[in-house]
Amino acid sequence: MFNRRKFIKKSALTAGLFSFSGNLRALTQNNPSIIPPSPSQNNMKPIVISTWDFGVAANADAWKVLSTKGSCLDAVEKGVMVAEADEKNNSVGYGGLPDRDGIVTLDACIMDSDGNIGAVLALENIKHAICVARKVMEKTPHVMLAGKGAYQFALEQGFKTENLLTQESEKAWKEWLKNAKYNPVINSENKNYQNAAPEKLPGNQYNHDTIGMLALDVHGNIAGACTTSGMAFKLHGRIGDSPIIGAGLYIDNEIGGATSTGVGEEVVRNVGSFLVVELMRQGYSPQDACKEAVMRIIRKKPQTAKNIQVGFLALNKKGEYGAYAIQKGFSYAVCNENKQDLILPGKSYY
Ligand code: SD4
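This report concerns the structure included in the present document. (Residues numbered from 1 in each chain as written. Predicted model: local features only at pLDDT ≥ 70, side-chain atom pairs only at ≥ 80, totals over all residues. Heavy atoms only, no water.)

## Overview of the overall build of the protein
Along the backbone of the protein there are 10 helices and 13 strands. The 350 residues of the protein split such that 61% are buried. For the protein, the share of sequence-separated contacts (at least 6 apart) that also reach a separation of at least 24 residues comes to 67%. Put simply, the protein shows about 13,500 Å² of open surface, and 51% of that area lies on carbon and sulfur atoms. (Helix = DSSP H or I, 4+ residues; strand = E, 2+ residues; numbered from the N terminus. Buried < 20%, exposed > 50% of the residue type's maximum accessible area, 1.4 Å probe, protein only. Contact = heavy atoms within 4.5 Å. Areas by Shrake-Rupley, 256 points an atom, 1.4 Å probe, with all protein chains shown as cover.)

Below, the structure is given as structure tokens:
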């Protein structure tokens, strides 16, 4: 069932929005039934959309840029920085869960409406990976920097070194070490839709959930950003889809953009976000394009797909948006001048 709950109308799209997000989370978790969007509301610009419940707070900061005629690129950078700075969010930035060795490594990428891209892979000790990715795009002749080189570049650009492993994340890692089983949990962000109750999965209750954000600005341009600490307890050095342009994010200013969340290996195998954008080019609606990308994953590996989550989110140049996931429970946030919505659950195969 595709459902939507309208939370906040135009009047609430102000700086005070932040204070709603805790209540929003509680509200949606207690009652996930929502109403379908009307076509008139699904085609406005500017607009920003992003993955998961934490997209609500992130969209609010992006909206501050978009509503003052700022650029889509500035909007997506500012927006996802909210999730990166939130220590309670243990799948992005500061407070992200570490890898198997207890080290937090961040992956991020950004893409503008001129087709420029920047990415950092396995970046350590820098909170705002997305800002480093933007610097890679704007200040270097390259598109990706990884590991030590990315860190060194960040320092040269004036970023400060920070320990990203919070006490809570360290505790979860130590708990996980007791069994040390790599067992990604479906929808770690959304406790109502997890594949098992957290108490049945000691140390395994958190595994993934990335923020991917797409924004269409008042000038009609589109940009995107994607940032994550990746799969919790991954092998050191593992890279997922999130910093890989075409996989975790893709923008084509003629058509629209797409981003993904979930088990990145399957997204990379199918070049998921590029596929979604190309399907939109062929005339698919954003939601149908996301669905077809999910179906590719399911058709290729039906057994694997049963036990993992992958979700795609897409926005076209008309401001129409849509999403589709393998499993129930993938939520996403939408913000334009009429509304600040959390769509939960989005459409899914199972
Ligand atoms: C990854 N796609 O590293 C990321 C993790 C994640 O929702 O989203 N999850 O594979």
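## Notes on unusual backbone geometry
Going from Leu344 to Pro345, the amide bond is cis rather than trans, its omega being -10°. Turning to its location among the elements, Pro345 is positioned in the segment after strand S13 (339-343). Even without glycine at this site, Trp52 takes up a positive phi of about 65°. Looking at the secondary structure, you find Trp52 in the loop between strand S2 (47-51) and helix H2 (55-66). Residue classification places Trp52 among the buried residues on the basis of a relative accessible area of 0%. Residue Lys69 is not a glycine yet carries a positive backbone phi of 65°. Checked against the element boundaries, Lys69 lands in the loop between H2 and helix H3 (72-85).

## Some points on the environment of Gly346
Here Gly346 lies in the segment after S13. Along the sequence, Gly346 and Phe330 sit 16 residues apart, while their C-alpha atoms lie 5.7 Å from each other.

## Re the packing of helix H4 (residues 129-139) against helix H5 (residues 147-156)
Where H4 meets H5, the closest approach of the two axes is 10 Å, and the angle between their N-to-C directions is 80°. In this view, H4 runs roughly perpendicular relative to H5, as classed from their interaxial angle. Between H4, through Val132, Lys135, Val136 and Lys139, and H5, the contact on the second element is made entirely by Ala150, Phe153 and Ala154. A per-class count over the contact of H4 with H5 returns 5 nonpolar, no polar and 2 charged. (Axes fitted to C-alpha atoms, helices over the stretch in contact; angles between N-to-C directions. Parallel < 35°, antiparallel > 145°, perpendicular 65-115°, else oblique. Nonpolar A, V, L, I, M, F, W, Y, C, P; charged D, E, K, R; others polar.)

## Re the pairing of strand S11 (residues 321-325)
Where burial is concerned, most of S11 is hidden: 5 out of the 5 residues are buried. Residue alternation in S11 divides its side chains into two sets, Tyr321, Ala323 and Ala325 and Gly322 and Tyr324, and both sets are buried. Bridge count between strand S10 (residues 310-316) and S11: 5 bridges; the pairing is antiparallel. Following the sheet pairing, Ala314 is matched in S11 by Gly322. Joining the antiparallel neighbours S10 and S11 is a turn of 4 residues, in which Gly319 adopts a positive phi near 90°. (Pairing = 2+ DSSP bridges.)

## A closer look at the site of the ligand
Inspection of the region around the ligand gives 12 residues, with Thr210, Arg238, Asp241, Thr261 and Gly262 positioned closest. In this structure, an oxygen atom belonging to the ligand sits 2.5 Å away from a side-chain N or O atom of Thr261. Note that a nitrogen atom of the ligand is positioned 2.7 Å from one of the backbone N or O atoms of Gly262. For the ligand, whose accessible area on its own is 280 Å², the fraction buried by protein is 100%. Of the residues belonging to the shell around the ligand, the class tally is 1 nonpolar, 8 polar and 3 charged. (Near = heavy atom within 4 Å. Polar contact = N/O pair within 3.5 Å; in protein donor to acceptor, adjacent residues only side chain to side chain.)

## A look at the nonpolar core
By size, the foremost hydrophobic cluster in this structure holds 92 residues, and its most contacted members are Val120 and Phe312. Not counting residues up to four positions away in its chain, the partners in contact with Val120 are Leu106, Asp107, Ala108, Ala129, Val132, Ala133, Val136, Leu145, Ala150 and Pro243. Counting 6 residues, the second-largest nonpolar core is a separate cluster that includes Ala172, Trp176, Ala232 and Phe233. (Core = buried A, V, L, I, M, F, W, Y, C linked by side-chain atoms within 4.5 Å.)

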